[in-house]
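Topology and contacts: notes
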Amino acid sequence: MLKWKIGKVTITRVVEFESPVPYGEASSFIRDAKPEALREMPWLYPHFVTEEGALNLSVHALLVDAPGMKLVVDTCVGNDKPRGMTRGRPLHRPFLMDIAQAGFPREKVDVVICTHLHVDHVGWNTMWDDGKWVPTFPNAKYLIGRQEYEYWRAQKEDQEHQDVFLDSVAPIFDAGLAQTVDQTHRVSPEIRLMPTTGHTPGHVSVVIDSEGETAIITGDMMHHPCQIGRPHWTAAFDADQKAAQTTREAMLRDWADKPILIIGTHFVSPTAGRIRRDGASYRFDT
């Protein structure tokens, strides 16, 4: 497991699964990320792009051990939930065993943050137990952006998202464990939320400041490091692609050439690095 130390805070990455996503004209994840265009950014190789031009992506949770608090950022897809991104097959992964081995047994988690409410960020909010979906982290407070929650609660036309809401979001509210918060909510002296809208209307990233050091957990304001080199490349799942691009460009301008550790929520190993200016654009230094 990858670990990073930010002052008094330790961040651990626990992977649910990783997968290369090949380019396809009809169904590309990032439409502009053609193999020949990726080759213009040699720093993407060998970690982030395969020799054939597929984008390497990870679905993982980030465990944040801060003074007086154990916090989980984004809870992946989860077990026993057939989803489109798993080709309709439920996962059966040792995720709970993995986080326990990392020092985060589920009963000891204090806070769960969902950067947004897409399927691969809320799955382990709940688990199947005795014929029903129950909160996986029974002693945790689940924090969800108020704008994000209201937006998805009103969506009725997307059947899969209705399923996601019913099995991975509603049960934590029914149990009285969920709290909707502002996009600038402060979780603890070291941890706060930051609005990074575009991918979804209420999307947030997580900022960690401790002893003069800073890290930012991106969420899906960018999905792949190629969007650092090409911030105008948008993802198919962005709700508002123009807003997502504007957010990404603003964040990269702000973070470039500063000692800020950027931890990508879908970035494969080495996952974290710093933003450096690279001519008219940027690169990711790991």
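Now for a look at the structure at hand. Bear in mind the structure is a predicted one, so any value in this text is a computation, not a measurement.

Here the focus is the overall build of the protein chain. Across its full length, the protein chain holds six helices and 15 strands. Taken over the C-alpha trace, the protein chain has a radius of gyration of 18 Å; the compact-globule value for 286 residues is 19 Å, and the two agree within 12%. Judged by the C-alpha coordinates and their principal axes, the protein chain covers about 55 × 45 × 35 Å. Within the protein chain, buried positions represent 57% of all 286 residues.

All right, on to the packing of helix α3 (residues 146–153) against helix α4 (residues 159–174) then. Running from N to C, α3 and α4 cross one another at 130 degrees; their axes reach a closest spacing of 11 Å. Comparing the axis directions of α3 and α4 gives the class oblique. The chirality of how α3 crosses α4 is left-handed. Residues Tyr149, Trp152 and Arg153 of α3 pack against His161, Phe165, Val169 and Phe173 of α4.

The next point concerns the side chain of Thr214. Residue placement: Thr214 occurs in strand β12 (residues 213–217). For Thr214, a relative accessible area of 19% translates into the label buried. There is a polar contact of 2.5 Å between the side chain of Thr214 and the side chain of Asp209. Each residue touching Thr214, except ones within four places of it in the same chain, is listed here: Ile6, Val207, Ile208, Asp209, Pro259, Ile260 and Leu261.

The six strands are arranged β10-β11-β12-β13-β14-β15 in an open sheet whose pairing can be described as mixed. Edge strands, defined here as strands with exactly one partner in the open sheet, are β10 (191–195) and β15 (281–285). The average undirected angle you get between the axes of adjacent strands in this sheet is 35 degrees. As paired elements, strand β13 (residues 260–263) and strand β14 (residues 272–278) share two bridges and run antiparallel to each other. Of the residues in β14, the one forming a bridge with Ile262 is Gly273. Its contacts with the sheet place helix α6 (residues 241–255) against β10, β12, β13, β14 and β15, and it is angled at close to 90 degrees to β14.

This part is about α4. Taking 1.5 Å per residue as the helical rise, α4 with its 16 residues ought to reach 22 Å, and the 21 Å between its terminal C-alpha atoms agrees with that figure. At Leu166, α4 shows its maximal bend, which comes to roughly 35 degrees. In this structure, the buried residues of α4 make contact with β6 (126–129), β7 (132–135), β8 (141–145), α3 and β9 (178–181). Phi turns positive one or two residues past the end of α4, at Gly176, with a value near 75 degrees.

Thresholds, definitions, all that
Residues numbered from 1 in each chain as written. Predicted model: local features only at pLDDT ≥ 70, side-chain atom pairs only at ≥ 80, totals over all residues. Heavy atoms only, no water. Helix = DSSP H or I, 4+ residues; strand = E, 2+ residues; numbered from the N terminus. Rg over C-alpha atoms; globule rule 2.2 N^0.38 Å. Buried < 20%, exposed > 50% of the residue type's maximum accessible area, 1.4 Å probe, protein only. Axes fitted to C-alpha atoms, helices over the stretch in contact; angles between N-to-C directions. Parallel < 35°, antiparallel > 145°, perpendicular 65-115°, else oblique. Left-handed = near helix turned anticlockwise from the far one by under 90°. Contact = heavy atoms within 4.5 Å. Polar contact = N/O pair within 3.5 Å; in protein donor to acceptor, adjacent residues only side chain to side chain. Pairing = 2+ DSSP bridges. Expected span 1.5 Å × (residues − 1). Bend = angle between axes of the 7 residues up to and from the residue.

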